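Per-entry structural report
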Number of protein chains: 2
Amino acid sequence: MLHKNLINPKSIVVIGASNNIQTPGGSVLKNLIEHNFKGKLIAVNPKETEVQGIKCYQEVSQIPKVDLAIIAISAKFTLETTKILTHTKNTKGFIIFSAGYSEKDAEGKKLEQEIVNEINNAGGTLLGPNNIGFINQNYVGVFTRPIPKLNSKGVDFISGSGATAVFIIEAAMSTGLTFSSVYSVGNSAQIGVEEVLEHLDNTFDDIKSSKVKLLYIESIENPKKLLKHASSLIQKGCKIAAIKAGSSSAGSRAASSHTGALANSDNAVDALFKKAGIVRCYGRNELITVASIFMLPALKGKNIAIITHAGGPAVMLTDTLSKNGLNVPEISGKDSDELLSKLYLGSSVSNPIDFLATGNAEQLETIIDYCENKFSGIDAMVVIFGSPGLFEVYDVYDILHKKMRTCNKPIFPVLPSVVNVKKEIDYFISKGNVMFPDEVLFGNALAKTLNPTNTAIKDVNSFTVNLKTIRRIIENSTNGFLPPQQIKELLIAAKIPVVNEVICNSKEECILASKKLGLPVVMKIVGSIHKSDVGGIILNINSIDKLLDSYSKIMKIGSAKAVLIQPMKKGIELFIGVKKEGSFGHLILCGLGGIFIEVIKDISSSLAPVSINEATEMIKNLKSYKIIKGVRNQEGVNPILFAEIITKVSYLVSVAPEIVELDLNPLLGNSKEILAVDARIRIEK
Amino acid sequence: MLHKNLINPKSIVVIGASNNIQTPGGSVLKNLIEHNFKGKLIAVNPKETEVQGIKCYQEVSQIPKVDLAIIAISAKFTLETTKILTHTKNTKGFIIFSAGYSEKDAEGKKLEQEIVNEINNAGGTLLGPNNIGFINQNYVGVFTRPIPKLNSKGVDFISGSGATAVFIIEAAMSTGLTFSSVYSVGNSAQIGVEEVLEHLDNTFDDIKSSKVKLLYIESIENPKKLLKHASSLIQKGCKIAAIKAGSSSAGSRAASSHTGALANSDNAVDALFKKAGIVRCYGRNELITVASIFMLPALKGKNIAIITHAGGPAVMLTDTLSKNGLNVPEISGKDSDELLSKLYLGSSVSNPIDFLATGNAEQLETIIDYCENKFSGIDAMVVIFGSPGLFEVYDVYDILHKKMRTCNKPIFPVLPSVVNVKKEIDYFISKGNVMFPDEVLFGNALAKTLNPTNTAIKDVNSFTVNLKTIRRIIENSTNGFLPPQQIKELLIAAKIPVVNEVICNSKEECILASKKLGLPVVMKIVGSIHKSDVGGIILNINSIDKLLDSYSKIMKIGSAKAVLIQPMKKGIELFIGVKKEGSFGHLILCGLGGIFIEVIKDISSSLAPVSINEATEMIKNLKSYKIIKGVRNQEGVNPILFAEIITKVSYLVSVAPEIVELDLNPLLGNSKEILAVDARIRIEK
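Parameters at a glance
Residues numbered from 1 in each chain as written. Chains lettered and ligands numbered in written order. Predicted model: local features only at pLDDT ≥ 70, side-chain atom pairs only at ≥ 80, totals over all residues. Heavy atoms only, no water. UniProt positions renumbered as here; feature names shortened; annotations may be inferred. Helix = DSSP H or I, 4+ residues; strand = E, 2+ residues; numbered from the N terminus. Pairing = 2+ DSSP bridges. Axes fitted to C-alpha atoms, helices over the stretch in contact; angles between N-to-C directions. Buried < 20%, exposed > 50% of the residue type's maximum accessible area, 1.4 Å probe, protein only. Right-handed = clockwise from strand over helix to strand, strands pointing away. Domains from an automatic or database assignment. Contact = heavy atoms within 4.5 Å. Buried area = accessible area lost by both parts, 1.4 Å probe. Salt bridge = Lys/Arg side-chain N within 4 Å of Asp/Glu carboxyl O. Least-squares fit on C-alpha atoms with pLDDT ≥ 70 in both.

With that out of the way, let us pick up the UniProt feature "domain: ATP-grasp" (unreviewed entry) in chain A. Using the residue numbers shown here, the UniProt feature "domain: ATP-grasp" (unreviewed entry) corresponds to residues 488-685 of chain A. For residues 488-685 of chain A, helix accounts for 32% and strand for 30%, while the C-alpha atoms at its two ends are 20 Å apart.

Set out below in structure tokens:
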């Protein structure tokens with residue numbers, strides 16, 4: 001929890017306050033004054049007695065007790081200042097603008113830690129250092145401009161980059177997006193994005209709190225905390241959109257055909273966001289557009305009516321929505337004929353509803369009423385209305401404003417004439433509306449918000465596994481790849497179905513095994529991880545001669561320690577993989593085997609623990625899902641069995657977290673059974 | 001060619017001119033006057049003697065001879081007016097604003113055609129009707145606002161929608177994009193987008209003409225004309241970006257596993273744009289961003305230095321570029337150490353080059369100089385520079401302005417502070433620059449412009465085919481699917497390698513055939529198009545017993561007329577398809593067969609004629625290209641042979657254009673040969 005003195009201070013001192021508003025200390029004081037901080041303001045500056053009309057002390061030691069300190073002095077003076085504040089001024093809230101700490105060098109890091117220790121010992125809260133500050137409904141504690149339009153129902157915005165926060169606020173100014181709070185966490189010395197989110201979760205009030213959270217994150221230090229509180233907020237009715245920048249360094253890692261290698265950390269971020277229900281964005285414009293959509297009533301269906309006075313944007317929007325899984329359904333019938341009769345000749349109501357360049361406010365109102373009340377197949381409306389510059393359009397935007405408040409179906413305003421009717425747009429957003437200037441950017445963003453996956457699962461399955469065996473194997477194992485026998489035992493203990501197999505050390509054992517399993521069989525090398533690369537897999541051995549011949553061949557491979565014999569099974573090749581992604585935990589992957597993983601890279605993933613519903617979704621999201629269902633009368637795979645094994649694998653790694661890598665590749669599946677025929681497991685304790 | 005009187009009139013009459021500037025006739029006259037049309041202006045209005053200071057006639061018949069007429073009166077009066085102008089006033093240029101023609105009803109269409117006939121007979125040119133008019137360096141003949149910044153080196157913009165043109169111009173105002181001309185073609189009664197492009201091509205002057213063309217198209221009436229002139233312009237050094245709206249109606253057609261069905265008209269548009277080298281855009285913002293990139297020097301390599309004073313946008317841009325195939329390579333070594341020593345402590349030069357929030361103009365200049373002169377691995381620079389609102393940044397933008405003109409490497413300015421330094425940005429673009437407000441939208445657009453495919457091919461291959469046989473077969477065929485024997489003859493005549501095959505009508509013939517071809521063989525039904533759906537294909541027949549049994553089975557199928565026997569070939573399944581796409585001509589498709597086409601829909605396409613280079617590109621663009629090259633030591637397919645057959649198919653349909661559908665599916669390929677083993681050809685004369 002962030003200390004209440006940071007959130008709602010009764011008194012604020014600006015240390016380094018200045019009459020020069022081009023300095024951070026001057027600028028933040030100006031912002032505090034201009035935006036009506038209701039409490040007591042104090043300034044500290046060794047050279048002044050009054051700054052911007054505020055009483056100024058020359059030294060921190062002279063000031064009265066104060067709730068919050070905004071520190072805008074050089075890094076080297078901050079530790080001493082902090083000490084005085086914590087020890088003698090009962091200060092609990094700290095914002096430190098200056099740079100020169102952990103982002104600079106080891107010495108700076110040490111200084112930063114000492115400051116954090118001081119504040120921790122005092123039970124205080126620190127935002128920064130190296131940030132732009134903090135804004136909420138109580139005060140404007142940033143040194144930057146512009147100050148966004150504040151509104152307790154606007155977005156709560158947490159940013160890991162100060163400059164990016166400024167640019168996002170700037171871009172949001174013209175679209176009407178308002179802010180409830182802006183947290184710039186700077187170096188996140190004590191409080192990072194995760195801790196702010198935790199605070200917003202713990203203090204959430206269904207009536208008073210904003211329901212939209214925006215995050216700009218460059219590094220997730222505590223993924224589990226992020227997941228927990230994002231999920232919790234979303235379960236409380238919030239919507240969250242986030243940029244996680246820095247995906248490319250991971251993404252650009254040399255591609256590898258090894259399944260685990262596909263699960264790079266950006267996949268883990270994707271999986272975390274998906275699990276929490278966070279809408280992932282990739283740029284400022286997209287974040288703002290999604291946030292603006294979040295400020296409007298949520299879509300309850302996919303069927304959109306496009307109401308327009310200009311054909312082109314409506315066609316482009318139709319394209320965009322259609323390509324993204326939304327519908328622009330044809331409207332026809334008695335009601336639509338009736339509507340058409342009320343519009344100018346040449347209008348069209350078949351959707352897009354085009355009421356022509358000459359269309360007016362009254363007609364717009366009529367059309368919206370029909371969409372709201374008569375066209376039952378319509379879930380939401382997009383109204384596109386600009387101007388060629390001949391007339392004012394205040395009356396049209398007044399109708400929009402009114403209807404957006406009275407209609408049950410969401411109405412999204414696309415107002416493209418950012419020059420011709422700039423005044424009308426400013427007027428429209430001054431009344432508390434958001435608007436979208438580009439229909440295609442809007443349409444893409446709208447589609448992103450449509451299917452937020454469900455939040456972290458409560459229905460995690462547990463299985464009656466042989467926990468003792470699992471733990472015994474893990475505890476007896478050393479770091480590295482598990483030997484085949486232990487892998488088999490482990491999978492059986494976890495109730496994961498495996499193909500029968502016998503390890504053979506001689507030709508005689510091979511013959512015995514083949515009798516037990518029945519020909520044809522498969523023979524595999526024991527002693528090499530990349531079996532097929534060394535020619536260590538021989539399929540379809542259907543005679544004793546071939547069996548003995550195969551044994552000789554495999555045992556000639558340098559690394560061969562023995563052979564493993566399995567019955568030759570048929571079915572569709574599947575795979576399930578696990579990769580431990582540091583503090584994100586285990587990432588569970590699934591897909592079809594063979595070329596689907598190696599060439600198409602068709603993989604679904606989810607962060608453990610994976611519920612049966614999540615596993616089913618993973619399977620359905622595969623491009624190759626058609627093959628699992630069965631194409632061209634060929635037998636498919638039972639998706640329920642597949643989902644079950646995915647869940648069991650997820651459960652196995654939850655009780656054996658020392659597993660850092662696991663590959664069931666392939667499993668062979670059909671409509672009746674799925675069996676793991678090859679597996680690798682790597683342990684790291 | 002458009003008549004010179006439309007392009008550069010010495011005199012213009014506005015028919016329907018008005019003192020009310022909220023009417024099109026009043027507004028266009030105002031625009032003409034305010035933007036300094038140098039020739040003679042005439043007004044016609046039955047109720048006025050002077051309009052906006054211009055002499056006004058009450059009837060058209062009273063005016064002197066005039067080069068260009070801008071007609072802003074009701075549709076019903078236009079034919080008579082046009083007649084008077086063509087017959088007695090020597091008028092050759094016509095712009096008609098009014099609606100009520102072909103877009104309205106059959107009567108309007110008739111009226112429109114009569115007007116076109118009048119103008120055609122007079123050898124004149126008509127833009128419209130139902131448009132917003134025309135702008136070039138000579139006059140501003142639109143009734144809408146705003147008027148974009150005009151510049152003979154700005155973009156030539158041709159729009160199939162007037163309102164969309166206005167919205168695009170509005171969105172372009174704040175980014176510095178300037179215009180050489182704007183053509184609004186309205187109903188395209190006489191002149192459509194294609195004809196304007198033809199005109200721009202035919203009148204292209206390497207020194208005087210603009211090198212950037214933008215198109216907004218809702219329907220391509222004459223794809224061959226568009227392809228010809230777009231290709232020609234691009235070969236002359238132009239760059240073209242275009243929106244083709246209305247892709248979704250085609251895209252939303254029910255998906256079908258039939259190969260031809262994938263080649264809907266939007267695929268044809270894609271193929272045409274690719275062939276011409278047109279960069280396809282999907283929204284106004286994207287079109288403007290690409291156009292602005294086109295106004296700057298072209299990228300000559302993929303290695304980008306990102307120079308920034310703010311970390312976040314640089315990280316997001318790095319992500320965006322990396323994901324789109326561009327590089328942000330690490331910079332290191334002596335020169336970079338030297339550069340680092342010239343920046344503030346805490347800066348980074350490893351790329352992104354971050355010179356901190358405190359970075360100044362002088363440092364920016366130094367960094368740009370290093371990127372230009374010392375960092376040989378860098379091909380272009382992106383400079384990100386905004387402001388937290390404390391200082392003015394004129395000096396920084398002056399450096400940018402200077403360096404963009406003196407450096408050989410392209411410099412792209414990303415200026416995110418659209419509020420804080422709006423004045424500086426306006427100043428920067430007033431000096432003739434473009435700028436990009438959002439780094440991610442910029443990065444995505446930049447990647448689009450990187451690899452414009454080459455323009456329409458000159459190296460079309462022709463083959464020594466048996467033309468006589470081909471024409472004989474086509475001419476003797478009736479509409480519908482060709483019978484197997486003719487297909488085989490046709491493919492052989494076109495030098496397309498086909499697997500041996502024998503058609504058998506009895507068990508005896510089957511035995512003879514199997515002896516000739518050698519067991520194992522494949523038996524297929526003759527008489528059904530969807531062979532496998534009816535169980536009409538039996539593979540791997542390796543004994544005479546199985547042969548006879550198979551014959552009996554297949555002949556029991558209702559539609560069976562005979563069987564066809566082929567040797568059982570092994571290899572990778574490929575397919576080549578052709579679909580005639582109306583006036584676009586033949587679309588040639590290729591890919592891997594089986595699940596790759598049915599499940600993954602991994603298909604490359606190109607408009608015929610397809611050169612060997614184009615075919616090679618088609619193959620390389622397949623997701624499954626890895627399989628063609630061979631994965632995991634498995635034999636691949638010889639891509640040269642594959643490309644050759646694609647080219648041969650393209651040549652076949654060029655000499656037999658009556659082929660509306662052709663499927664070689666599958667062909668079986670390995671490193672030595674590729675053979676067509678099944679084929680369908682449909683003829684429509």
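The structure having been displayed, the exposition proceeds.
Further remarks concern the sheet that holds strand E20 (residues 502-504) of chain A. Residues and elements named next belong to chain A. Read across the open sheet, the 4 strands follow the order E20-E23-E21-E22; overall the sheet is antiparallel. Pairing within the sheet leaves two strands with one partner each, and these edge strands are E20 and strand E22 (537-541). Here the average twist between neighbouring strands, direction ignored, is 25°. Here strand E21 (residues 521-526) runs beside E22; their pairing, made up of 3 bridges, is antiparallel. Of the residues in E22, the one forming a bridge with Met-523 is Ile-538.

What follows concerns the pairing of strand E13 (residues 239-244) of chain A. Side-chain direction in a regular strand flips from residue to residue, so the side chains alternate between the two faces of the sheet. Residues and elements named next belong to chain A. Of all 6 residues in E13, 5 are buried, a share of seventy percent or more. In the sheet, strand E12 (residues 212-217) pairs with E13 via 6 bridges, with the strands oriented parallel. When the sheet's bridge partners are listed, Val-212 is paired in E13 with Lys-239. The β-α-β motif built from E12, the intervening helix H7 (residues 223-235) and the parallel element E13 has right-handed crossover chirality. For E13 and strand E14 (residues 279-281), the ladder comprises 3 bridges, and the chain directions are parallel. Bridging across to E14, Ala-241 finds its partner in Val-279.

Residues and elements named next belong to chain A. According to the domain assignment, chain A consists of domain 1 (4-130), domain 2 (148-295), domain 3 (304-450), domain 4 (501-568) and domain 5 (572-683). Each of domain 1 and domain 2 has a C-alpha centre, and these two points are 27 Å apart. Listed as interface residues are 15 residues of domain 1 and, on the opposing side, 10 residues of domain 2. The junction of domain 1 with domain 2 conceals about 910 Å² of combined surface from both sides, 54% of it contributed by carbon and sulfur atoms. On the domain 1 side of the interface with domain 2, the three residues burying the most area are Ile-7, Leu-127 and Gly-128, jointly 42% of the side's total. Where domain 1 meets domain 2, there are 0 salt bridges. Here the side of domain 1 that touches domain 2 gets 4 residues from one element, more than from any other, and that element is helix H4 (residues 106-121).

What follows covers the environment of Val-631 of chain A. By the secondary structure assignment, Val-631 of chain A is in the loop between helix H24 (625-629) and helix H25 (639-655). Those residues in contact with Val-631 of chain A, other than ones at most four positions away along the chain, are Lys-626 of chain A together with Val-599 of chain B.

In this assembly, 71 residues from chain B lie in contact with 71 residues from chain A. Between chain B and chain A, a total of about 5,500 Å² is buried, with carbon and sulfur atoms accounting for 58% of that surface. Among the salt bridges present, the one from Arg-284 of chain A reaches Glu-439 of chain B, with a minimum N-O distance of 2.7 Å. Looking at the side of chain B that touches chain A, the elements that each hand over two or more residues are helix H2 (24-34), helix H5 (162-173), strand E13 (239-244), helix H11 (284-295), helix H12 (311-323), helix H17 (439-450), helix H22 (595-598) and helix H24 (625-629) of chain B.

What follows deals with the relation of the copies chain B and chain A. Taken as rigid bodies, chain B and chain A are interconverted by a rotation of 180° and an axial shift of 0.0 Å, the fit giving an RMSD of 0.1 Å. Viewed as a symmetry operation, the transformation between the two copies matches a two-fold axis. Looking at the rotation axis and the C-alpha trace of chain B, the residue lying nearest is Ile-600 of chain B, at 4.4 Å. Taken together, the interface assignments show that 100% of the residues at the interface of chain B recur at the interface of chain A, consistent with an identical surface on both copies.

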